[in-house]
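# Commentary on secondary and tertiary structure
Chain by chain, the residues run as shown.
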Amino acid sequence: MTNAQASKTRVVIVGGGFAGVYTAKYLRRHAANITVELINDNNYFVFQPLLPEVTAGTIHVMDAVSPLRLLLPKTRFRMAQVKAIDFDKQTVRVLQGHKTRYVRVPYDHLVVACGLEANLAMLPGFAEHGLPIKNIADAYSLRNHIIQCLEHADITNNPRLKRKLLTFTVAGGGFSGVETAGELYEMLRRTARFYPYIEAGEIRLVLVHGGPRLLPELSETSSRYIHKLFAKRGIEVRLDCRLANATGSSVQTEDGERIDTMTLVTTVGMTVAPVVSSSPLKLKRNRIVTNRLLQAQGFDNVWALGDAACIPLDDDGERYAPPTAQFAVHEARRLADNIAARVEGRAPAPFSYKSRGALASLGNRRGIAEIAGVRLSGISAWLLWRSLYLSMLPGVATRMRIALDWLLDWFLPRSIVQIEQKPERACRLLRFRKGDTISEPGQVTRGLYTVVSGALESNVTDPKTGEELVRVLGAGTHWGERTISDDTTTVGTLRAIKDSNVLVLDKEDFKRLRRSFNVLDDYFSHLPESLYPDQLQHHQPFNDNNTEKTPHAD
């Protein structure tokens, strides 16, 4: 790091969505005084309003994302998982790199823009069987799942199973739920002809919403239009209806009705990220409380915006900014200017913005829009929706690819290719040559390791006595259970002293198996302490000295 860089104010942004990306973009105007670092667990920006079209096959999966390094060429980008924030030391704790080490990233100003996450644990069975549509991986998985259902339904001779396979349930009547239902209708309508043993009338699409009308953000007139349009298409809309639980073959409503289905798309139950919920940041409506300057309540140098923030639009605190891309972009502009004002000794200004309106795509070249008091519906609203979002897409290359996808969709049939990603096994076998280093001090254990063949050597230095403690692990021995259970990092060095094969059971799968299998839990609970010379009581959650001062990668 140069002296010039060291003298600049360091702004760290957590999150790579609309709020985070546009904040970094607007902060570039103040590069003379500020350095910006953006942390995100993926290296791309996803345009979330397009996810239903990715699921439906209108847009290619790679065209809906843009590399963050290309969007923000002058911004320091770090692909890492944010695990905790130390507000006293002004550092962000991240897990990064191939060797999965904890690193502290210091900041002068922190911007929390990590959005919301799907809370599938809200109802029994949702975590196990619900299909969220929050990111590009969700849309891709949902698309593959739907095609799998169609393929299976076309060849089965079991009528009951066929009905389950051809019943698709969407939970949530907000923008995501309505747009997903509309795109699924078009996808199923246009692809059913490729399956000769599936009749169009056998396909059932159910939209369940807990409120009295769809898209409550719009007028009642618009809600009625959507309801009538969906009913005309044969989409079953259940209003004032809440789901109670789900299994792999059905969902049940609170009034006891059972819907036999093997597809539950959930767009409800959003919650703040764990790094926020476990922090001292104050929450309201399940979002971070801020003032009108966009500062998190109780902090001068911590800011929040986007879906994760509860931002008042007036001094009375009666109106709050909605979690939309339109507001996030304008929040980012104001926040960037306010941070620059603080750095330059000027007074920051309160956020103020009035919505220009709202739009939704309803599939099959239909839409709904309310702009400046004017309501549009049908194909005109659909074209306006596409024009507006095309203009909002970051990067010329992304706009060109999306425009081409939309153009080709007018003339070409939808692809029904299913490209399943190879599922990652809970257990996998690793091979190490003699002399290979398997783990070093300060790493996060990825799972339970069991030696199948060969031998490993564990070497730990006792920090109190300086004594080296050496242990040889032969076939049948295991390690990692202590660091997994205590969420700590390794303190010793582990090397292969022979060519070895090691079986690794994934960390979370090991925890679930141990909780569910009493015999296994009893075994690990009563292991003698003598087995753990490398599991001394000197573990630290992470190394406090591992604070980054200059860019590097582990």
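Residues numbered from 1 in each chain as written. Predicted model: local features only at pLDDT ≥ 70, side-chain atom pairs only at ≥ 80, totals over all residues. Heavy atoms only, no water.

Taken together, the side chains of I379, L383, L404, L407, L408, W410, F411 and L412 make up a nonpolar region of the molecular surface, amounting to roughly 790 Å² of accessible area. Those elements that provide at least two residues to the nonpolar patch are helix 12 (379-392) and helix 13 (396-411). The greatest single-element share of the nonpolar patch, amounting to five residues, is contributed by helix 13. In this fold, W410 is placed in helix 13. (Patch = residues over 30% accessible without salt bridge, like charges linked within 9 Å, V, L, I, M, F, W, Y side chains within 5 Å. Areas by Shrake-Rupley, 256 points an atom, 1.4 Å probe, with all protein chains shown as cover. Salt bridge = Lys/Arg side-chain N within 4 Å of Asp/Glu carboxyl O. Helix = DSSP H or I, 4+ residues; strand = E, 2+ residues; numbered from the N terminus.)

Between helix 12 and helix 13, the least distance of the axes is 10 Å, while the angle of their chain directions is 155°. Between helix 12 and helix 13, the crossing angle belongs to the class labelled roughly antiparallel. Where helix 12 crosses over helix 13, the two elements pack in a sense that is right-handed. Facing W382, W385, R386, L390 and S391 of helix 12, the residues of helix 13 in contact are R399, I402, A403, W406 and W410. For the contact of helix 12 with helix 13, the residue count by class is seven nonpolar, one polar and two charged. (Axes fitted to C-alpha atoms, helices over the stretch in contact; angles between N-to-C directions. Parallel < 35°, antiparallel > 145°, perpendicular 65-115°, else oblique. Left-handed = near helix turned anticlockwise from the far one by under 90°. Contact = heavy atoms within 4.5 Å. Nonpolar A, V, L, I, M, F, W, Y, C, P; charged D, E, K, R; others polar.)

So, about the environment of A244. Structurally, the position occupied by A244 is in strand 15 (residues 243-246). Classification of A244 by relative accessible area gives partly exposed; the value is 23%. For the pair formed by A244 and R258, sequence separation is 14 residues and the distance between their alpha carbons is 10.0 Å. With residues near it in sequence (within four places) discarded, A244 still touches L123, P124, Q252, T253 and E254. (Buried < 20%, exposed > 50% of the residue type's maximum accessible area, 1.4 Å probe, protein only.)

The subject of this paragraph is the packing of aromatic side chains. By the definition in use, this model includes 14 aromatic pairs. Aromatic side chains F18 and F45 sit 5.1 Å apart centroid to centroid with 90° between the ring planes, which places their arrangement in the edge-to-face category. Of this pair, F18 sits in helix 2 (residues 18-27) while F45 sits in strand 3 (residues 44-46), and the two are 27 residues apart along the sequence. F45 shares its class with F18; the two are buried. Between W385 and Y389 the ring centres are 4.8 Å apart and the planes differ by 65°, which places this aromatic pair in the edge-to-face class. One end of the pair, W385, and the other, Y389, are both in helix 12, four residues apart, so they sit about a helical turn from each other. Y389 carries the same exposure label as W385, and that label is buried. Through a chain of ring-to-ring contacts, three or more aromatic side chains come together here, namely F18, Y22, Y26, F45, F47, W385, Y389 and W406. The ring of W410 has R365 lying over it, and the distance from NZ or CZ to the ring centre is 3.8 Å. (Phe/Tyr/Trp six-rings, centres within 6.5 Å; stacked < 30°, edge-to-face > 60°. Lys NZ or Arg CZ within 6 Å of the ring centre and 35° of its normal.)

Moving on to the sheet that holds strand 29 (residues 447-453). Spatially, 27-34-29-32 is the arrangement adopted by the four strands of the open sheet, whose pairing is antiparallel. Taken across any chain shown, the strands that pair with only one partner, and hence form the sheet edges, are strand 27 (427-432) and strand 32 (478-479). By the bridge criterion, two bridges tie strand 29 to strand 32 in an arrangement that is antiparallel. If you follow T450 over to strand 32, its bridge partner there is H478. Most of the contacts of helix 15 (residues 507-516) go to strand 34 (residues 500-506), to which it runs at about 65°, and overall it touches strand 29 and strand 34. (Pairing = 2+ DSSP bridges.)

As a further point, take the pattern of salt bridges. Going through the model one piece at a time under the given rule, you end up with 23 salt bridges. R386 is the salt-bridge partner of E53, the closest N and O atoms lying 3.3 Å from each other. With E53 in helix 3 (residues 51-56) and R386 in helix 12, this residue pair connects regions lying 333 residues apart in the sequence. R101 is the partner of E440 in a salt bridge, and the nearest nitrogen-oxygen pair spans 2.6 Å.

Residues K25, R28, R29, K74, R333 and R399 make up a contiguous surface patch of positive charge. Counting through the fold element by element, R28 comes out in the loop between helix 2 and strand 2 (34-40). (Lys, Arg positive; Asp, Glu negative; His and termini not counted. Charge placed at Lys NZ, Arg CZ, Asp CG, Glu CD.)

What follows deals with unusual backbone geometry. For D240, which is not glycine, the phi dihedral falls at a positive 50°. Mapped onto the secondary structure, D240 falls in the loop between strand 14 (236-238) and strand 15. Relative accessible area serves as the criterion here: at 55%, D240 is assigned to the exposed category. In this structure, R365 is a non-glycine residue whose phi angle is positive, near 60°. Structurally, R365 can be placed in the loop between strand 24 (357-363) and strand 25 (366-371). Relative accessible area serves as the criterion here: at 24%, R365 is assigned to the partly exposed category.

Turning our eyes to something else, we now look at the sheet that holds strand 20 (residues 283-284). Strand order in the open sheet made by the three strands is 20-21-23, with mixed pairing throughout. At either end of the open sheet lies a strand with only one pairing partner, and these are strand 20 and strand 23 (309-310). Strand direction decides the pairing type here: strand 20 and strand 21 (residues 287-289), joined by two bridges, are antiparallel. Within the sheet, the bridge partner assigned to L283 lies in strand 21 and is I288.

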